[in-house]
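An overview of the molecular structure
So you can see what is in the structure, the chains are spelled out below.
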Amino acid sequence: MEAQNTCTQAKVKIIQSHYDYHAILKVIIAKGKEMFGPRFQVDDIDRPVIMKLIAYFLQDENVATAQKIDLYKGLIIMGPIGCGKTAIMRILKTLLRPHHQYSIQSCYNISLNFLEDGSSVIERYTSSSFDPYTTRPRICCFDDLGSEPDVNYWGNIRNVMAEILLRRYDLFMEYHMLTYMTTNLSSAKLEERYGDRLRSRTRQMCQVIAFSGESKDKRI
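Criteria and cut-off values
- Residues numbered from 1 in each chain as written.
- Predicted model: local features only at pLDDT ≥ 70, side-chain atom pairs only at ≥ 80, totals over all residues.
- Heavy atoms only, no water.
- Helix = DSSP H or I, 4+ residues; strand = E, 2+ residues; numbered from the N terminus.
- Rg over C-alpha atoms; globule rule 2.2 N^0.38 Å.
- Buried < 20%, exposed > 50% of the residue type's maximum accessible area, 1.4 Å probe, protein only.
- Contact = heavy atoms within 4.5 Å.
- Areas by Shrake-Rupley, 256 points an atom, 1.4 Å probe, with all protein chains shown as cover.
- Lys, Arg positive; Asp, Glu negative; His and termini not counted.
- Charge placed at Lys NZ, Arg CZ, Asp CG, Glu CD.
- Axes fitted to C-alpha atoms, helices over the stretch in contact; angles between N-to-C directions.
- Parallel < 35°, antiparallel > 145°, perpendicular 65-115°, else oblique.
- Nonpolar A, V, L, I, M, F, W, Y, C, P; charged D, E, K, R; others polar.
- Left-handed = near helix turned anticlockwise from the far one by under 90°.
- Patch = residues over 30% accessible without salt bridge, like charges linked within 9 Å, V, L, I, M, F, W, Y side chains within 5 Å.
- Salt bridge = Lys/Arg side-chain N within 4 Å of Asp/Glu carboxyl O.
- Phe/Tyr/Trp six-rings, centres within 6.5 Å; stacked < 30°, edge-to-face > 60°.
- Core = buried A, V, L, I, M, F, W, Y, C linked by side-chain atoms within 4.5 Å.

A few points about the overall build of the protein chain
In terms of helices and strands, the protein chain carries 10 helices and seven strands. The C-alpha radius of gyration of the protein chain comes to 18 Å, within 12% of the 17 Å expected for a compact globule of 220 residues. Once the C-alpha set of the protein chain is aligned to its principal axes, its extents read approximately 55 × 40 × 35 Å. The buried share of the protein chain, reckoned over its 220 residues, is 41%. Restricting to contacts in the protein chain with at least 6 residues of sequence separation, those with at least 24 account for 75%. Roughly 12000 Å² of accessible area belongs to the protein chain as shown, and the carbon and sulfur atoms make up 50% of that amount. Here the protein chain contributes 29 positively and 25 negatively charged side chains, and the mean placements of these two sets differ by 4 Å.

Written as structure tokens, this is what we have:
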């Protein structure tokens, strides 16, 4: 019942927008079927989250205000394993204008790459993460934050993603470098994994948009 009420409220607020969210949702579902197969669907329980993400990427101030979405900040997409966090970010990426595009990078792979390439990996996603022609900061979506291991690099244990995110916070404050993340971890688990300093920084540069804990596992 609570999920139905939330969805109903979202629909009322969406009607006040200049955009046809339900038409956009149909495009998203069609794109999802194209990318992930004919069984792809957006369940009713997930629609309020998808609508918030649509409002964010449209920079729709009316809906964003109603849904308490901060259009200036980045995103932390939380939710249970298999709920479709990565899938929806991959779909939305294909529908955005070029200057809103973002790359999707596996946190696990970034940590492994660090073992091979060292500090250049951190620079790749921080000080070197600017478009060479426009100098616009590059938006990165770090996928599955918390799944990556700490790495032993020349005898030193390094938390690579923590280092990247702390540096991107500084670049957010100076250049408005946006960061998106997906994670299966709760806020408490993220703080346990990365410490309260990083959690404080991520709160300033990102907002949480969370799938319901009752969201179905889409991999089944």
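Structural notes on the packing of helix α2 (residues 21-36) against helix α3 (residues 47-58)
Think of two packed helices as two axes; the pair is described by the angle between the axes and how far apart they sit. One way to put it is that α2 packs onto α3 with a least axis distance of 11 Å and a crossing angle of 105°. Comparing the axis directions of α2 and α3 gives the class roughly perpendicular. Note on element contacts: α3 touches α2 through R47, I50, M51, I54, A55 and L58, opposite Y21, H22, I24, L25, I28 and I29. Partitioning the contact of α2 with α3 into residue classes produces 10 nonpolar, one polar and one charged.

Structural notes on unusual backbone geometry
A positive phi angle is found at Q59, which is not glycine, with a value near 55°. Within the element layout of this structure, Q59 appears in the loop between α3 and α4 (61-66). The exposure class of Q59 is partly exposed, given its relative accessible area of 37%. Residue K68 is not a glycine yet carries a positive backbone phi of 55°.

With respect to the packing of helix α8 (residues 160-175) against helix α10 (residues 196-205)
Between α8 and α10, whose axes approach to 10 Å, the crossing angle comes to 40°. The angle between α8 and α10 places the two elements in the oblique class. In this structure, the crossing between α8 and α10 has a hand that is left-handed. Residue-level inspection shows A162, L165, L166, R168, Y169 and F172 of α8 in contact with α10, the latter providing R197, L198, R201, Q204 and M205. Among the residues forming the contact of α8 with α10, the class breakdown is seven nonpolar, one polar and three charged.

As for a nonpolar patch on the surface
Side chains of Y108, L112 and L115 sit close together on the surface and give an oily, nonpolar patch of about 250 Å² of accessible area. Among the secondary structure elements, Y108 is positioned in helix α6 (residues 107-117). Assessed through its relative accessible area of 39%, Y108 is described here as partly exposed.

Quick look at the packing of aromatic side chains
Tallied over the entire structure, the rule returns 11 aromatic pairs. Relative to Y180, the ring of Y102 has its centre 5.2 Å away and its plane inclined at 85°; by these criteria the two rings are edge-to-face. With Y102 in strand β2 (residues 102-106) and Y180 in strand β6 (residues 179-183), the pair connects residues that are 78 residues apart, well separated along the chain. Relative accessible area serves as the criterion here: at 3%, Y102 is assigned to the buried category. The class for Y180 is buried, based on a relative accessible area of 2%. Geometrically, the ring pair formed by F114 and Y153 is tilted, given 4.9 Å between the ring centres and 55° between the ring planes. Pair noted here: F114 is in helix α6 and Y153 is in strand β4 (residues 151-153), with a separation of 39 residues, a long-range link. Note on Y153: relative accessible area 23%, which makes it partly exposed. Within the aromatic cluster, the residues linked to one another by ring pairs are Y56, F57, Y102 and Y180.

Looking at the nonpolar core
One finds F57, M89, Y102, F142, M161 and Y180 to be the most contacted residues of the largest nonpolar core, which totals 59 residues. By residue number, the principal contributor to this core is α3, which donates eight residues. M89 has contacts with F57, I77, Y102, I104, C141, Y180 and T182, leaving out every residue within four places of it along the chain.

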